[in-house]
Amino acid sequence: MNKRLPTSRVDLLSELAPDVERLYNRHLESPRDWYPHEQIDWGQGESFEARPWAPEDYPVAEGVRSSIYVNLLTEDNLPYYTDSILSHAPERHPIRDWSYQWTMEENRHSMIMRDWVHVSRCINPTLLEDGRRVQMTRAEVPRHPDFAEMIAYVSFQERATQIAHRNTGAKLPKDDKMGRNVLGLIAGDETKHYLFYRDLTLAAFAIDPSAMTIAVARQVSTFAMPGTGIPAFTRHAVRIAREGIYGLGQYVKDVLTPVLSLWDVDHLCGLSKEAERARVELLTVVSTVTKTVERMADKATASVRATPVT
Ligand SMILES: [Fe+2]
Ligand SMILES: [Fe+2]
């Protein structure tokens, strides 16, 4: 259904209410009722007072440690994400009920990750707590000017966190079955959250393609993984990218490309002049970033070939 009304005449939130209900019901029809306490091998835990943490407790690449640290602190920052999302969720609208369900599910991610982190000793617990204190007193999360940009952003963000947790899990030591299971459960939740927001945004495109094109174009040109409030975020982000867990390459291949192709931004028509301009800019940004990633991959391949095998 494409009503093609001018942006200003469409009340996107009211028009989308039936789609929110449909997608929320779809979400509830396949519940993921796992229990955090059942996933942890508590007997493996040791007192940090009796035996202080040391990197040798859990030998792993620094990029993987950075990823666990950043991903957990991002999950810790949930109160501010909920606040940001609820600011676009009016009372008595189903998006509010969905947002409560989403918050309930997201909340268990930091719980279970921290339990695993402490029992497995995979990262420094003092550094983690110091980071949490700094980050949470900053309360830095992306804020969005309207509902359209919020759902566009969260679609990308849920997909990005799914990829980051999945790729981190794949880099854990083979014998850490508990860690792989924990990150797999979280990635599974993120997948379902992504599907909700992705399909809600798709429904919004059908109602107001012009407003959604402008919103998506703005979000793509400014999208960054959450975490700017985390101490030394840039240093950790570089390590995570170098480890091949999450960087520009994953953003293009695993986030931008599948999401934009599902919304079919290449073939949108009937847009306002402003929206058509935004669509062209969006496609230019995507093509530029894709070329950058290809150049980076070529450079990496050339340097591997140039390195003599000893
Ligand atoms: Fe999460
Ligand atoms: Fe999430």
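The structure we're discussing is the one just above.
Reference entry: report on the structure contained in this document.

### As for the overall build of the protein chain
A tally of regular secondary structure across the protein chain gives 11 helices and zero strands. A compact globule built from 310 residues should have a C-alpha radius of gyration of about 19 Å, and the protein chain, at 21 Å, falls within 12% of that. Over its C-alpha atoms, taken along the principal directions, the protein chain stretches across nearly 65 × 55 × 35 Å. For the protein chain, with 310 residues in total, the buried portion stands at 35%. Of the contacts made within the protein chain by residues no fewer than 6 positions apart, 88% connect residues no fewer than 24 positions apart.

### Topic: the packing of helix 3 (residues 78-86) against helix 4 (residues 94-120)
It is at 10 Å that the axes of helix 3 and helix 4 come closest, and there the two elements cross at 165°. Judged on the interaxial angle alone, helix 4 and helix 3 are roughly antiparallel. Handedness of the crossing formed by helix 3 with helix 4: right-handed. Where helix 3 approaches helix 4, its residues L78, T82, I85 and L86 are matched on the opposing element by S99, T103, E106, N107 and S110.

### Brief notes about the nonpolar core
Within the largest apolar cluster, 67 residues are counted, with the highest numbers of intra-cluster contacts made by V117, A148, I151, L200, A204 and V216. When residues no more than four places from it in sequence are discounted, the contact partners of A148 are L12, A204, A211, M212 and A215.

### Details of the environment of A224
The residue A224 is located in the loop between helix 8 (209-222) and helix 9 (233-242) in this model. In this structure, the C-alpha to C-alpha distance between A224 and P142, residues 82 residues apart in sequence, is 9.2 Å.

### Some points on helix 10 (residues 248-262)
Helix length check: helix 10 (15 residues) gives 20 Å between terminal C-alpha atoms against 21 Å at 1.5 Å per residue, within 8%. Of all the bends in helix 10, the greatest reaches close to 35° and is centred on L256; the proline P258 follows between one and four positions later. Turning to helix 10, its buried residues number three or more, namely Q250, Y251, V255, L256 and V259. Two residues or fewer after helix 10 comes D264, characterised by a positive phi angle close to 55°.

### Regarding the environment of P52
By the secondary structure assignment, P52 is in the loop between helix 1 (12-29) and helix 2 (62-76). Judged by C-beta crowding, with 11 C-beta atoms within 10 Å, P52 ranks as exposed. Separated by 230 residues in sequence, P52 and L282 place their C-alpha atoms 50 Å apart.

### Description of unusual backbone geometry
We note that A232 has phi near 55°; this positive angle belongs to a residue other than glycine. Looking at where A232 falls in the secondary structure, it is placed in the loop between helix 8 and helix 9. On the basis of neighbour counts, which here come to 14 C-beta atoms within 10 Å, the residue A232 falls in the partly exposed class. Phi angles above zero are rare outside glycine, and D264 is one such case at about 55°. Examined against the element boundaries, D264 turns out to sit in the loop between helix 10 and helix 11 (273-306).

What counts and what doesn't
- Residues numbered from 1 in each chain as written.
- Chains lettered and ligands numbered in written order.
- Predicted model: local features only at pLDDT ≥ 70, side-chain atom pairs only at ≥ 80, totals over all residues.
- Helix = DSSP H or I, 4+ residues; strand = E, 2+ residues; numbered from the N terminus.
- Rg over C-alpha atoms; globule rule 2.2 N^0.38 Å.
- Buried ≥ 20, exposed ≤ 12 C-beta atoms within 10 Å, placed from the backbone.
- Contact = placed C-beta atoms within 7 Å.
- Axes fitted to C-alpha atoms, helices over the stretch in contact; angles between N-to-C directions.
- Parallel < 35°, antiparallel > 145°, perpendicular 65-115°, else oblique.
- Left-handed = near helix turned anticlockwise from the far one by under 90°.
- Core = buried A, V, L, I, M, F, W, Y, C linked by C-beta atoms within 7 Å.
- Expected span 1.5 Å × (residues − 1).
- Bend = angle between axes of the 7 residues up to and from the residue.

Coordinates in, geometry out; function isn't part of it.
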